[in-house]
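Chain by chain, the residues run as shown.
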Amino acid sequence: MQPRSEEPSEAPPGGSSTVPPASTLPPFPHAHPPGLAPDPRSTLRPIVTLAGDKFAWANGARAMFAVGIPFALVTAVGGVANGASAAVGGYAVLYATRDPYARRARVLAAVGLGLAVAYALGALAAGHAWPGVCTLTVVAAAATFLCSALRVGRPGGYMFTLVCAMGTFLPPDPAGIPVDVGLLLLGTASAWLVSMSGRLVRPHHPEHVAIADAFRAVAGFLDAIGGEQLDAQRHKASGALYDAWVALIGADSKHARRSGEVRRLHVLVRRVFDIFHAGEVLAEERSRPLPPQIGDLVRGLADAVGQPERTPELPAFLDDAETDGQRELRAALRKAAKASAQGAIPGASPLQGERPGALELVRAAAGPASLIVPVSVRTGLAVGAATALAALLPIVHPSWVAIGAAAALQGGNAVLDLEKALQRAIGTFLGVAIVVLFLHDLSPGPWAIVVLVSLLYGAAQTVMRRNLVVGVACITPVPLLLVGAGLHGSHVGDLAPTRLLDMLLGLGVGLFTSFVLWRRASTGRLPAALGRAIRAEALLLKAAVTGNAEENARWLRLRTAVRRELVDAWNAYESALGELAGRRASAERAWPVLIVVQRLGFRLMTAPLKPSVPAEEALPGDDAAALDRYLQELASAAEERRAPVPPELPELWGHPVLRQHLKRLARALTEAAQPPAPGFASHFLAGLSEPPRRVREAEMPSTGQLR
């Protein structure tokens, strides 16, 4: 499970035009699309391939300077051993790399203080085996939980575990703890300054990146219409859109509200939401792909977010739009291109919304349906077990064993943990091999250590996200250089074999914990997540069909709740697919239910809102009560993994598509609750995804050049 960005308490704006009803629902894939779930058979593939499309040069440069500057300054004044302590504080630069500068400043300050506290707690327990085990267990679990709950992002609680382990296994020196903590804080201050320095030249760059990513994700969603990747790309686009919304809210300030460029970015966020909503309409109108030029056009708008002069021209065939969805897409693209081409829009109204407080986020993360609690406790126990094992064995550097255990649990489920641990093991082996073969007898001076550590750390962060093996190989010599910094006459390769053995032992303990503890955490929480999503959709649906749907604070909170539950259900499904012990087949049977729930939720969130609805168009009270009972029965059936026995579904005049979604959801839950039988998947899913022939032919509108 990968934690998400911080969410505001109010939802983004809805679509700007009406969503017409469709005659029938489009088909959906018989099973989840390839690439959605981790595959144990492809564990070795990431070792020899590059992920993504570019190296993180900016991250590498920031890491190099954040570590190198305090290392050099303190070395010049207090020696290389003290400089190494300051260099460790520079690790804080890895956090909040994509956050707006206003939020980044707060996150980095909190991370710096947290690293200092973790180091101090570890140093206080130094020299005492079992207090040290307990301290590392608590710090690893607490840091993992808080970083996930507060949406701090990668590397999460790992760095807090690392600095705590360093403090725990240093020679006991209570009098020197304040000095070491001060040096570490100096390093975190350097990381803060380096990470914030971009504000001087590109103050809105993080927001530009987030909005451009949203345009690219929506382009991928448009490309997927009519294909099996539609639902996965919709989920990805929804996440990117929300990240863009959060980036604008996080950068908000009185000064920013007066800025024409910030107002332009607020308009662009609204426009990319409009394009996404138009794509939702098209996905219900058609079962064949859109022309690839449309996705290319939206990607061109992404390139123009930070450079208005790169705004692309709209293709002529958009003028021939025939269906409601095509006309809505044409209008959304024209408005987006107009806003993109403007250098500033000083008169535009700013977005509204507030982020939830820390206590609210922590309470949500501690809920019974949350995956954060088992992941955090599992991480703490793995680190504690590795630390205890290192205390019982003749280990030279027990901290490396504890760090290895924490590193093995960065995937989020058993399959990804195995993949990441294997990559780290191979990367550590390659790094140690390079040291032994080429650098074993090297005895660098203080300034050579400063330069090597800075360059290697920067290189590792540049390549880490594209290939973990190469990144780990680059960073493996760094702790060997830092450990040797305080030892006169030491060689780089003296502890290389120890580094390899200790890391392998820690990775093994972490993997064992991943395979044994909470093996069904995601599978067991998936039914509850689906039930919670249905109950949240029930509130939104009731407001829509009874004429109480207005763009006000209550409606926005309801829509936020639906989106949050949809994301949680999708993440629980993906995580369940990565669990071992034969649970994958059980999770896969929930795929049809998940897709119906997802499509119903997005349909509700993109439905048009009216300030008022005539009394004759609103759903009567008795029918509204029957609808509520229907949805509550579906939610209970999902939570209890049984076939629903719902009451009669009332006629939802004016909402035929929503009624079809509800009927399909009842069927999906009924089939998912039945024991598997030969031919179950093909018979059931074909019935769900293929409408009757007479309807299927009627649903294909004339689409002109958009065919």
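Preceding this section is the structure that the text describes.
As a starting point, this report considers the structure included with it.

Reading guide: rules and limits
Residues numbered from 1 in each chain as written. Predicted model: local features only at pLDDT ≥ 70, side-chain atom pairs only at ≥ 80, totals over all residues. Heavy atoms only, no water. Helix = DSSP H or I, 4+ residues; strand = E, 2+ residues; numbered from the N terminus. Buried < 20%, exposed > 50% of the residue type's maximum accessible area, 1.4 Å probe, protein only. Contact = heavy atoms within 4.5 Å. Areas by Shrake-Rupley, 256 points an atom, 1.4 Å probe, with all protein chains shown as cover. 1 Å grid on protein atoms, 1.4 Å probe; cavity = no way out; pocket = protein on both sides within 12 Å on 5 of 7 lines; lining within 4 Å. Points joined across faces, edges and corners; volume = space filled by probe spheres on them. Nonpolar A, V, L, I, M, F, W, Y, C, P; charged D, E, K, R; others polar. Patch = residues over 30% accessible without salt bridge, like charges linked within 9 Å, V, L, I, M, F, W, Y side chains within 5 Å. Salt bridge = Lys/Arg side-chain N within 4 Å of Asp/Glu carboxyl O. Core = buried A, V, L, I, M, F, W, Y, C linked by side-chain atoms within 4.5 Å. Axes fitted to C-alpha atoms, helices over the stretch in contact; angles between N-to-C directions. Parallel < 35°, antiparallel > 145°, perpendicular 65-115°, else oblique. Left-handed = near helix turned anticlockwise from the far one by under 90°.

Another aspect to go through is the overall build of the chain. Broken down by element type, the chain carries 28 helices and 0 strands. Looking at the chain residue by residue over its 707 residues, the buried ones come to 56%. Partitioning the contacts of the chain with sequence separation of at least 6, the portion at a separation of at least 24 is 83%. Surface summary for the chain: the accessible area is close to 29400 Å², and the carbon and sulfur share equals 61%.

This paragraph deals with unusual backbone geometry. With an omega of 0°, the peptide bond between arginine 154 and proline 155 qualifies as cis. Within the fold, proline 155 resides in the loop between helix H4 (129-149) and helix H5 (158-168). The phi torsion at alanine 96 lies on the positive side, around 60°, for a residue other than glycine. Within the secondary structure, alanine 96 sits in the loop between helix H2 (80-89) and helix H3 (101-124). A positive phi angle, close to 55°, is found at arginine 151, a residue other than glycine. Turning to its location among the elements, arginine 151 is positioned in the loop between H4 and H5.

As enumerated under the stated definition, the model contains 4 cavities of 30 Å³ or more in all. Its boundaries defined by the atoms lining it, the second largest cavity holds a volume of some 120 Å³. Around the second largest cavity, the lining comprises 16 residues; the ones closest to its centre are Arg378, Asn413, Trp518, Arg519 and Glu579. Contributing elements (two or more residues each) for the lining of the second largest cavity: helix H14 (372-392), helix H20 (496-516) and helix H21 (521-545). Broken down by element, the lining of the second largest cavity gets its largest block of residues, 3 residues, from H14. Residue classes in the lining of the second largest cavity are distributed as 8 nonpolar, 5 polar and 3 charged.

For the rest of this paragraph, the subject is a nonpolar patch on the surface. A cluster of nonpolar side chains, contributed by Ile434, Val436, Leu437, Phe438, Leu439, Leu442 and Leu452, occupies part of the molecular surface with about 620 Å² of accessible area. Of all the elements, helix H16 (residues 414-438) adds the most residues to the nonpolar patch, at 4 residues.

Attention now moves to the side chain of threonine 513. As for its position among the elements, threonine 513 is in helix H20. For threonine 513, a relative accessible area of 7% translates into the label buried.

Below, the discussion takes up the nonpolar core. One finds Ile211, Phe215, Leu222, Ile275 and Leu662 to be the most contacted residues of the largest nonpolar core, which totals 91 residues. Filtering out sequence-adjacent residues up to four positions away, phenylalanine 215 remains in contact with Leu268, Val272, Ile275, Val298, Leu301, Ala302 and Val305. Residues Leu108, Leu162, Ile177 and Val194 belong to the second largest nonpolar core, which totals 68 residues.

Further remarks concern the packing of helix H11 (residues 292-303) against helix H12 (residues 324-341). In contact at an axis separation of 10 Å, H11 and H12 are set at 25° when each is read in the N-to-C sense. Classified by the angle between their axes, H11 and H12 sit roughly parallel to one another. Read as a crossing pair, H11 and H12 show a hand that is left-handed. Touching Ile294, Leu297, Val298 and Leu301 of H11 are Leu329, Leu333, Ala336, Ala337 and Ser340, all from H12. Class assignment of the residues belonging to the contact of H11 with H12 gives a composition of 8 nonpolar, 1 polar and no charged.

Without other data, these values stay purely geometric and don't point to any function.
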